[in-house]
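Below are the chains, spelled out letter by letter.
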Amino acid sequence: MILAIALALPTFGIFLLRYTPTQAVADNMINEQSGEAAVPKETEVQEGPRMGKVYQINRSSGEIIMQSSVQAHEIRMGMRLYTRIDGKAAVMKATFPMQSVVKCRIEGRHRKYLGSIRVGMPMYKYVNGVEDERKAPAQRHRAGAAKTVGGIELVYIPGGPFMMGAPDGEGNDNENPRHKVTVSGFWMGKYEVTQGQYEAVMGNNPSYFKGDTRRPVGQVTWHDAQSFCKKFSAKHGVRARLPYEAEWEFAARGGTTTQYYWGGSMDENYCWYGNNSGNTTHSVGGKRPNAFGLYDMSGNVWEWCTDWYDENHYRNNPAVNLRGPSSGQYRVIRGGSWYDDEYSIRSAYRGIGNPGGRSSCGGFRIVVPAVGE
Ligand SMILES: [Ca+2]
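Everything numeric here is computed off the predicted structure, so don't read it as measured data.

Further remarks concern the confidence of the model for the protein chain. When pLDDT is averaged along the protein chain, the result is 84; 82% of the residues meet or exceed 70. In this model residues 1-14 is a low-confidence stretch, pLDDT under 50, and it forms 42 contacts with partners more than four residues away in sequence or in other chains.

Given below as structure tokens:
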């Protein structure tokens, strides 16, 4: 049984579904808003790091020689590489890696691209969305390391095991059981993406609350957030994406097991929420950070996660680099907002977002994987 109600917000669109054990979903309202079928999923395939360029092509055998621009030991037999043909990845496997050239064989269903491959085209390591990134080793940095990419400050989150979800007696059923999950290290936005940062990449500012470009961007759909990540990545040579839910909670907790990252009860020094926000968003970083140096993980705006939402996902899941289900109707949102009560801004609280919905409560922050740096 789906246990949620739609929450109409001060702006157009249904964005949040608040989890409550007493009401049924207003399905008709949600479906009307979603428009999901037309949305492509190509944004889940991420650009891999550049490995070299096409040096020679043997069209009869399907073999391509790549001139390698990386250390020989980074390319192994069987590694998948690709070059782009009309925006699509023509995937091949390394069959004979040497010092500076690598012999590759194009994969069966990609042979149709062979005639379009030209000498000099750049070749990349194939990182097929979440799966390959999850298996690949992440570069490690010291905890607290920081860097700035394209004007966005990133903090290194070292990864490790943690207890995800709420203990018995705290939170909703969808937060139970609390269970051990291990996440790999990654870089995360120190702040929510601001209106200034969003506009610099996307050329528009859809936010309801304006007045300061350091306010978090709002009124962004999950797809808008994906587009931002893609354009930002292309512009700045990284593979930015939204956090996975497990990464988000690991980062928010910062080693804590309490309801909030500052302790077991409300402390208004740490968050903008329904009781102290004055019914508006605030410039990012105005409250105290958590142990990782992240600001506004609780409150200000909800933050889109990559994952599809499944209320039972914690009951049967892999313990390492937990990802959401492969399909679904809603996306996970985390952290609560300027509008929400103290219950919804807990570290374990799992919000449910219509991926096509917009809300003045809804923004995001980015993650940059430490894989393939
Ligand atoms: Ca937030």
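Another point: unusual backbone geometry. Following Asn176, the chain continues to Pro177 via a peptide bond in cis, the omega torsion being -5°. Turning to its location among the elements, Pro177 is positioned in the loop between strand E11 (160-164) and strand E12 (179-183). Of note, Asn300 is a non-glycine position whose phi angle comes to about 70°, a positive value. Among the structural elements, Asn300 can be located in the loop between helix H5 (245-253) and strand E14 (302-308).

Turning to helix H3 (residues 195-202), a few remarks are in order. What H3 keeps buried is the set Gln195, Gln197, Tyr198 and Val201. Down the axis of H3, the sector holding all buried residues measures 160°, keeping them to one side.

Next up on the list: the sheet that holds strand E18 (residues 367-369). Taking strand neighbours across the sheet as the criterion, the 4 strands line up as E9-E10-E13-E18 in an open arrangement whose pairing is antiparallel. On the outer flanks of this sheet lie strand E9 (146-149) and E18, each paired with one strand and no other. On average, each strand axis in the sheet is tilted by 30° relative to the strand beside it, whichever way the strands run. The pairing of strand E13 (residues 186-189) with E18 spans 3 bridges and is classified as antiparallel. Within E18, the residue paired with Trp187 across the bridge is Val368.

Bringing the sheet that holds strand E5 (residues 80-85) into the picture now. What the 6 strands build is a closed barrel, ordered E3-E4-E7-E6-E5-E8; its pairing is antiparallel. This sheet shows a mean twist of 45° between the axes of neighbouring strands, independent of strand direction. Alignment of strand E4 (residues 63-68) against strand E7 (residues 101-106), held across 5 bridges, turns out to be antiparallel. Among the inter-strand pairings, Ile65 is bridged to a residue of E7, identified as Lys103.

Each α-helix turn comprises 3.6 residues. Residues three or four places apart therefore point the same way. A large share of H5 lies buried, amounting to 9 of its 9 residues. Along H5, the residues that are buried comprise Glu245, Ala246, Glu247, Trp248, Glu249, Phe250, Ala251, Ala252 and Arg253. Two residues or fewer after H5 comes Gly254, characterised by a positive phi angle close to 55°.

Each value, and the rule that gives it
The residue numbering used here restarts from 1 in each chain and proceeds along that chain's sequence as written. Since the coordinates come from a predicted model, pLDDT governs what is reported: local features require at least 70, and pairs of side-chain atoms require 80 or more to be given and counted, while whole-chain, interface and lining totals use all residues. pLDDT runs from 0 to 100 and stands for how confident the predictor is about each residue. Once C-beta atoms are placed from the backbone, any two residues with those atoms within 7 Å are in contact. In DSSP terms, a helix is any run of H or I states spanning at least four residues, a strand is any run of E spanning at least two, and both are numbered starting from the N terminus. Residue burial here comes from a neighbour count, namely the number of other C-beta atoms, placed from the backbone, that lie within 10 Å of the residue's own C-beta, with 20 or more meaning buried, 12 or fewer meaning exposed, and in between meaning partly exposed. Within this analysis, the arc is defined by the directions that extend from the helix axis to the C-beta atoms. In this analysis, strands are considered paired if DSSP registers two or more bridges between them. In this analysis, axes come from line fits to C-alpha atoms, helices being fitted only over the stretch in contact, and the angle between any two N-to-C directions falls in the range 0 to 180 degrees.

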